[in-house]
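Residue strings, one per chain:
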Amino acid sequence: MAGFVEQLWESIFTPGPTPTLLIATNVTFAALQVVLFILLIATYSAHFIALSVLSGGLWWSINWFANELNAAKAREEAEQARSGRTLARAAEDSETEVETIIPKNNTASTSTEVEPVEQAGDLKLRAPAPQSSFESKSAASTEDEWEKVSESGKDK
């Protein structure tokens, strides 16, 4: 039991559906269905039937999604194995050692020249502020910004 709990804790941080996590999910949903059935018997309330149907649908969808993820992972691994064999054969045919084959992209739409960026607006250079031993450069610029804000407030 302690081993299962440890595996469950580790599977939380592992990407994808792990078998331990799926077992815990299925046991939890089965227990929920049992509790909802007991409450239905005890109260004869139709609400528990609705909750059981919703819970069952969620349970089924979680298992379906986990199976789809596992199938996609298997297809991806098979594709990588095939492309790995193709790359190995291509590397054997040439004398140059190549790790990967890079597909040729359409380079007609890209520009190889650097276009200069035009400056928009007027730029004013700041006058260098006298540096005192107690003020840092950022403190002076902050004070300048506050002065600008207070001046624009007076204009209104």
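This structure is a prediction, so every number in the text was calculated from the model and none was measured.

Across its full length, the protein holds four helices and zero strands. The helix and strand sequence of the protein, counted from the amino end, reads α-α-α-α. Long-range contacts, defined as pairs at least 24 residues apart, comprise 30% of the intrachain contacts of the protein with a sequence gap of at least 6. Of the roughly 14100 Å² of accessible surface on the protein, a fraction of 62% belongs to carbon and sulfur atoms.

A few words now on the packing of aromatic side chains. Overall, the coordinates contain three aromatic pairs when judged by the stated rule. Judged by centre distance (5.3 Å) and plane angle (75°), the rings of Trp9 and Phe13 are edge-to-face. The residues Trp9 and Phe13 share a single accessibility class, namely exposed. Ring centres of Phe29 and Trp59 lie 6.0 Å apart, and the angle between their planes is 10°; this geometry places the pair in the stacked category. In this pair, Phe29 is assigned in helix 2 (residues 19-43) and Trp59 in helix 3 (residues 47-93), connecting sequence segments 30 residues apart. For Phe29, a relative accessible area of 12% corresponds to the buried category.

A few words on the side chain of Ser55. Positionally, Ser55 belongs in helix 3. By relative accessible area, which is 7% here, Ser55 ends up buried. With sequence-adjacent residues up to four places away left out, Ser55 is seen in contact with Phe29, Leu32, Gln33 and Leu36.

Bringing a nonpolar patch on the surface into the picture now. Residues Trp9, Ile12, Phe13 and Leu21 make up a contiguous nonpolar surface patch of about 460 Å² in total accessible area. One can find Ile12 in helix 1 (residues 2-12).

Running from N to C, helix 1 and helix 2 point in directions that differ by 110°, and their axes come no closer than 8 Å. Between helix 1 and helix 2, the angle falls in the class roughly perpendicular. In this structure, helix 1 uses Phe4, Gln7, Leu8 and Ser11 to contact helix 2, whose residues at the interface are Thr20, Leu21, Ile23 and Ala24. Within the contact of helix 1 with helix 2, the residues separate by chemical class into five nonpolar, three polar and no charged.

Helix length check: helix 2, at 25 residues, gives a terminal C-alpha distance of 36 Å against a target of 36 Å (1.5 Å per residue), a fit within 8%. Of all the residues in helix 2, the buried ones are Thr20, Leu22, Ala24, Phe29, Gln33 and Leu36. After helix 2 finishes, the residue Tyr44 shows a positive phi value of roughly 55°.

Quick look at the confidence of the model for the protein now. The predicted model of the protein averages 80 in pLDDT, with 71% of residues at 70 or higher. Mean pLDDT across the secondary structure elements of the protein bottoms out at helix 4 (residues 137-155), with 69, and peaks at helix 2, with 95.

Turning our eyes to something else, we now look at the environment of Phe48. As for its position among the elements, Phe48 is in helix 3. In this structure, the C-alpha to C-alpha distance between Phe48 and Gln33, residues 15 residues apart in sequence, is 9.6 Å.

Here the focus is the side chain of Gln33. As for its position among the elements, Gln33 is in helix 2. A polar contact of 3.2 Å, which involves the side chain of Gln33, links it to the side chain of Ser55. If sequence neighbours within four positions are ignored, Gln33 has contacts with Ser52, Ser55, Gly56 and Trp59.

Scoring rules and cut-offs
- Residues numbered from 1 in each chain as written.
- Predicted model: local features only at pLDDT ≥ 70, side-chain atom pairs only at ≥ 80, totals over all residues.
- Heavy atoms only, no water.
- Helix = DSSP H or I, 4+ residues; strand = E, 2+ residues; numbered from the N terminus.
- Contact = heavy atoms within 4.5 Å.
- Areas by Shrake-Rupley, 256 points an atom, 1.4 Å probe, with all protein chains shown as cover.
- Phe/Tyr/Trp six-rings, centres within 6.5 Å; stacked < 30°, edge-to-face > 60°.
- Buried < 20%, exposed > 50% of the residue type's maximum accessible area, 1.4 Å probe, protein only.
- Patch = residues over 30% accessible without salt bridge, like charges linked within 9 Å, V, L, I, M, F, W, Y side chains within 5 Å.
- Salt bridge = Lys/Arg side-chain N within 4 Å of Asp/Glu carboxyl O.
- Axes fitted to C-alpha atoms, helices over the stretch in contact; angles between N-to-C directions.
- Parallel < 35°, antiparallel > 145°, perpendicular 65-115°, else oblique.
- Nonpolar A, V, L, I, M, F, W, Y, C, P; charged D, E, K, R; others polar.
- Expected span 1.5 Å × (residues − 1).
- pLDDT = per-residue confidence, 0-100.
- Polar contact = N/O pair within 3.5 Å; in protein donor to acceptor, adjacent residues only side chain to side chain.

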